[in-house]
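# Structural overview
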Amino acid sequence: MMWFNLAKAQSFMPTQGTEIAKQVDNLYGFLLITSFIACALVIGGMIYFVWKYRRKTPNDKTAYISHNTFLEFVWSFIPLVIFLGVFAWGWYIYHDMRTMPKNALEINVVGKQWAWEMEYKNGYKTVNELVVPINTDVKLILSSLDVLHSFFVPSFRMKQDAVPGQYTAVWFRADKLGDFHIFCTEYCGTSHSGMIGKLKVVNKEDFDRYLEQGQEERNLPLAKRGEKLFAVKACASCHSVDSPAVKVGPTLFQKFGTEEVLDDNSKVTIDENYLRDSMLNPNKHIVKGFPKGVMPTFQGQLNENELSALVEYIKELK
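Residues numbered from 1 in each chain as written. Predicted model: local features only at pLDDT ≥ 70, side-chain atom pairs only at ≥ 80, totals over all residues. Heavy atoms only, no water.

### Here we look at the nonpolar core
Test applied: By nonpolar core is meant a set of buried Ala, Val, Leu, Ile, Met, Phe, Trp, Tyr and Cys residues that side-chain atoms within 4.5 Å join together. Exposure is judged per residue with a 1.4 Å probe applied to protein chains only, and the accessible area is read against the type maximum: over 50% gives exposed, under 20% gives buried, and values in between give partly exposed. Contact between two residues is taken to exist if any of their heavy atoms lie within 4.5 Å; hydrogens are not considered.
In this structure, Leu-130, Leu-140, Phe-151 and Leu-199 are the most contacted members of the largest nonpolar core, which totals 33 residues. Not counting the four nearest positions on each side in its chain, Leu-130 is found in contact with Ile-107, Met-118, Tyr-120, Leu-140, Phe-151, Ile-182, Lys-198, Leu-199 and Lys-200. Listed in part, the 20 residues of the second largest apolar core include Leu-252, Tyr-274, Phe-298 and Leu-302.

### So, the pattern of salt bridges
Should their charged atoms come close, side chains of opposite charge can pair. Test applied: For this analysis, a salt bridge means a side-chain nitrogen from Lys or Arg found within 4 Å of a carboxyl oxygen belonging to Asp or Glu. Elements are defined by DSSP. Helices are runs of H or I of four residues or more, strands are runs of E of two residues or more, and each kind is numbered from the N terminus.
Overall, the coordinates contain 17 salt bridges when judged by the stated rule. One salt bridge in this structure joins Lys-22 and Glu-19, with 4.0 Å as the shortest N-O distance. Note that Lys-22 and Glu-19 are positioned in helix H2 (residues 19-52) at a spacing of three residues, about one turn of the helix. Residue Glu-19 is classed as partly exposed on the basis of its relative accessible area of 43%. Among the ionic pairs, Lys-121 bridges to Glu-106, the shortest N-O distance being 3.3 Å. With Lys-121 in the loop between strand S2 (115-119) and strand S3 (125-127) and Glu-106 in strand S1 (residues 105-112), this residue pair connects regions lying 15 residues apart in the sequence.

### What about the packing of aromatic side chains?
The criterion, for reference: Here a Phe, Tyr or Trp ring, Trp counted by its six-membered ring, pairs with any other such ring whose centre lies within 6.5 Å, and the pair is stacked when the planes are under 30 degrees apart, edge-to-face when over 60, and tilted otherwise.
Tallied over the entire structure, the rule returns twelve aromatic pairs. For the pair Tyr-48 and Phe-49, a centre-to-centre distance of 5.3 Å together with 65° between the ring planes defines the contact as edge-to-face. Taking the relative accessible area as the measure of exposure, Phe-49 reaches 47% and is therefore partly exposed. With centroids separated by 5.1 Å and ring planes inclined at 40°, the aromatic side chains of Phe-156 and Phe-172 adopt a geometry described as tilted. Of this pair, Phe-156 sits in the loop between strand S6 (149-153) and strand S7 (158-162) while Phe-172 sits in strand S8 (residues 168-173), placing them 16 residues apart in sequence. The residues Phe-156 and Phe-172 share a single accessibility class, namely buried. Here a set of aromatic residues connected by ring pairs shows up, and it is made of Tyr-120, Tyr-124, Phe-207 and Tyr-210.

### Comments concerning the pairing of strand S5 (residues 137-144)
The test is simple: Note: two strands are recorded as paired if DSSP finds a minimum of 2 bridges between them.
With eight of eight residues buried, S5 is to be regarded as a mostly interior element. Sheet topology places S1 next to S5; seven bridges connect them, and they run parallel. Residue pairing across strands places Val-110 opposite Ser-143, the latter belonging to S5.

Structure follows, in structure tokens:
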């Protein structure tokens with residue numbers, strides 16, 4: 001059990017958060033036990049026969065053995081029946097996983113380097129946090145803004161690729177309250193390991209309050225809306241806002257109104273137009289010491305109000 005303690009695991013498998021997770025675990029357990037029994041029979045049989053028919057004297061001769069039709073039938077037929085049973089069992093679970101229920105709660109999920117953006121039907125957006133009601137069918141419609149990502153919730157035994165340029169979908173029905181991990185299981189860049197989110201399963205009343213709270217955030221002051229949008233767009237993955245520390249891109253802390261040195265040694269003042277250009281046309285001005293083509297453009301993804309909110313937020317980073 002030493003490795004089990006080192007991993008700080010609370011159970012052999014992740015907590016089961018859905019009925020399908022229980023079915024997957026049952027199939028996995030059956031395969032594990034069956035494989036162990038087959039391994040014990042084969043290896044144990046080999047050891048037994050090596051010992052039983054070992055050469056005891058120099059005159060021992062190996063008996064002539066042709067075959068045994070009954071034994072050959074048994075050790076071929078039994079594995080065949082088991083494999084066919086496992087196939088049918090697996091197909092039944094897979095069919096359940098891929099058949100989307102009608103009238104499910106639909107939530108759009110967008111993967112991007114390096115965050116998950118969730119958007120509910122009422123327009124409320126969150127980043128790296130997905131809140132759903134318990135005992136409710138939920139359908140996730142996935143897409144990607146840049147590269148291939150893969151949405152994975154271990155406790156739901158659920159994984160689905162998010163592909164640039166097309167939609168994919170997956171569904172689940174959580175039957176256990178609590179917080180569950182979200183990972184990206186497709187290597188998507190240098191900060192892939194940090195693309196982690198949380199899925200919260202709450203009761204119906206708490207879920208309704210959660211959506212109402214999201215509606216209220218629309219009435220926040222401009223800078224506060226910018227701060228919220230900064231988080232939703234995962235800008236903090238590349239730009240620090242509370243220290244001069246450099247991440248993938250330049251820090252934005254106390255930068256508004258100062259001068260920045262560009263890669264051609266010219267200087268530019270960080271004002272509203274510079275920030276707007278940096279979001280819509282990020283390759284127009286490249287800060288010295290940073291590579292070109294890393295930051296994606298937000299052209300077509302931000303409206304004028306959102307641009308103004310982000311600029312106002314950056315101006316107040318003091």
